[in-house]
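For reference, the chains in residue letters:
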Amino acid sequence: MNNFLAALRGETHEEIPVWFMRQAGRYLPGYRGIRTRMSIREMCRDVDTTVAATLEPVKSIGVDAAIIFADIMLPVESMGFSLDFVEGVGPAISNPFKANRSLSGISDFSLENYGYKTYDSIRRIRSSNDSLPVIGFSGGPLTIASYLVNGRPDRDLAQTKELLLSGDRDFRKLLRMITEMVIMNSREQIRSGASTVQIFDSWAGYLSPGQFSSYAENYLGEISSELNHHAPLIYFSTQTSSMSDIMVSAGFSFLSLDWRCNLHQVMEFLGGEVGLQGNLDPAIAEISRSAALEEGHRIASSMSGFPRYIFNLGHGVLPGTNPETLKELVKAVHSIELKI
Ligand code: CP3
């Protein structure tokens, strides 16, 4: 069986699997070429381009799984939000929630109105290469909502917290609608052939443990209980390693953690019952190949006694990263002897 799938399920395998978050990005020459001609949204409306972007890192870096090329914000467009991606900023919404503090013009997500070729592209990849696992993904409700509040990234979650703490009813309704969207979008990716879905909750670490329990855990619990029996899920967040027990209580048994923690210690704290993914600092991978290889080897070796471990960065690949560094990292991690 494929090493990635086996590690995801805690079954025996030969090599520690490796993939990189944002592995289909600007650091790759093929991707940069496509982006001179097309925007992200145009790319995601075209099956051939989506498939090419998804497969480039598999071919050139040698990772063990492909992550479908898409974005966590694409589905909000079919809910009535007007989405664009602005160079150097990120997702931009021209009719944000805070502009009128109501949900007028906003509707439930429906698969029929989702105008992107994410699902068709997963099917295409799976039908032409059935031994390559495809990772589907969605955003976490809080993280998606934070981009909808003012229409720009909400630094420190300041505006989002104001709405959460004031008990704004429409905002709570919006979180519920996003949760439904995440479930439908993830389930459709699994139906199309994705082996797992990673929930990207990049901003969750700006909450305290108490706030996480009050404002994120119930939505995440709904997502995990709806999807867990369809496919194993991975929950990604940053600056949350001290809340790993709460993420497990929310129903996630595979966590992707950033570089601000010792993965082995987190595994011991959790009693060895969960899967962990991570956690090389992407800045190291961008700055120095030798430091990345040394640190990557150290991290992966410390986890080589656990069957449910997947090597990754602690966040997305940075644009200045040399693809050769990631290729060498894959080889270095694969060469580590597993003790399972
Ligand atoms: O991993 C992959 O290769 C798949 C593609 C992927 C994209 N976005 C495409 C994209 C994935 C997994 C994402 C996830 C995503 N999108 C997250 C969670 C992970 C994280 O980075 O925290 C978030 C918060 C978003 C929202 C988003 N989209 C932001 C903040 C930005 C701008 C910042 C940036 O990294 O460029 C985007 C734009 C975006 N999404 C790009 C890509 C390839 C960059 C656009 C470009 O190439 O010009």
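Conventions used here
- Residues numbered from 1 in each chain as written.
- Predicted model: local features only at pLDDT ≥ 70, side-chain atom pairs only at ≥ 80, totals over all residues.
- Heavy atoms only, no water.
- Helix = DSSP H or I, 4+ residues; strand = E, 2+ residues; numbered from the N terminus.
- Rg over C-alpha atoms; globule rule 2.2 N^0.38 Å.
- Buried < 20%, exposed > 50% of the residue type's maximum accessible area, 1.4 Å probe, protein only.
- Lys, Arg positive; Asp, Glu negative; His and termini not counted.
- Charge placed at Lys NZ, Arg CZ, Asp CG, Glu CD.
- Arc of directions from axis to C-beta.
- Contact = heavy atoms within 4.5 Å.
- Phe/Tyr/Trp six-rings, centres within 6.5 Å; stacked < 30°, edge-to-face > 60°.
- Core = buried A, V, L, I, M, F, W, Y, C linked by side-chain atoms within 4.5 Å.
- Near = heavy atom within 4 Å.
- Polar contact = N/O pair within 3.5 Å; in protein donor to acceptor, adjacent residues only side chain to side chain.
- Areas by Shrake-Rupley, 256 points an atom, 1.4 Å probe, with all protein chains shown as cover.
- Salt bridge = Lys/Arg side-chain N within 4 Å of Asp/Glu carboxyl O.

A. Expanded view of the overall build of the protein. Of regular secondary structure, the protein possesses 16 helices and nine strands. Relative to a compact globule of 340 residues, whose C-alpha radius of gyration would be 20 Å, the protein shows 19 Å and is just as compact. Considering the protein as a whole, with its 340 residues, one finds that 57% of them fall into the buried category. Across the protein, the centroid of the 31 positively charged side chains sits 4 Å from that of the 38 negatively charged ones.

B. Local environment of helix H8 (residues 158–165). Turning to H8, its buried residues number three or more, namely Thr160, Leu163 and Leu164. When H8 is viewed along its axis, its buried side chains cluster within an angular range of 100° and face the same direction. Residues of H8 that are buried make contact with helix H5 (97–100), helix H7 (141–149), helix H9 (169–192) and helix H10 (209–215). Note on H8: the residue one or two positions beyond its end, Gly167, has a positive phi of about 70°.

C. Inspection of the packing of aromatic side chains at higher detail. A complete count under the given rule lists ten aromatic pairs for this structure. Among the aromatic residues, those joined into a cluster by ring pairs are Phe109, Tyr114, Tyr116 and Tyr119.

D. Spotlight on the nonpolar core. In this structure, Phe20, Phe212 and Phe311 are the most contacted members of the largest nonpolar core, which totals 120 residues. The biggest single contributor to this core is H9, with nine residues. Once you skip the residues sitting within four places of it in the chain, Phe20 turns out to touch Ile61, Val63, Phe311, Asn312, Leu313, Val317, Leu326, Leu329 and Val330.

E. Molecular detail of the site of the ligand. The full set close to the ligand counts 22 residues, and Tyr31, Arg35, Asp71, Ser202 and His315 are the nearest of them. Take Ala24: an N or O atom from its main chain is 2.8 Å from an oxygen atom of the ligand. Take His315: an N or O atom from its side chain is 2.7 Å from an oxygen atom of the ligand. With the chains in place, 87% of the 860 Å² that the ligand exposes on its own is no longer accessible. Mapped onto the shell around the ligand, the elements with two or more residues apiece are helix H2 (29–37) and strand S3 (90–93).

F. View of helix H6 (residues 118–128). Every buried residue of H6 is accounted for by Thr118, Tyr119, Ser121, Ile122 and Ile125. Around the axis of H6, the buried residues are gathered within 160° of arc, so they sit on the same side. Turned more than 90 degrees away from the buried face of H6, the exposed residues are Ser127 and Ser128. Looking at the buried residues of H6, the elements they touch are helix H3 (40–44), helix H4 (47–61), strand S4 (134–139) and H9.

G. Expanded view of the pattern of salt bridges. Summed over the entire model, instances satisfying the criterion amount to 13 salt bridges. Its salt-bridge partner being Arg41, residue Glu77 comes within 3.3 Å of it at the nearest N-O pair. Of this pair, Glu77 sits in the loop between strand S1 (66–67) and strand S2 (83–86) while Arg41 sits in helix H3, and the two are 36 residues apart along the sequence. The exposure class assigned to Glu77 is partly exposed, which follows from its relative accessible area of 25%. Ionic pairing is found between Glu162 and Arg101, a salt bridge with its closest N-O pair at 3.7 Å. Here the residue Glu162 occupies a position in helix H8, and Arg101 occupies one in the loop between H5 and H6, the gap between them amounting to 61 residues. Owing to a relative accessible area of 36%, Arg101 belongs among the partly exposed residues under this scheme. If you follow the salt bridges from partner to partner, you end up with Lys98, Arg101, Glu162 and Asp168 in one network.

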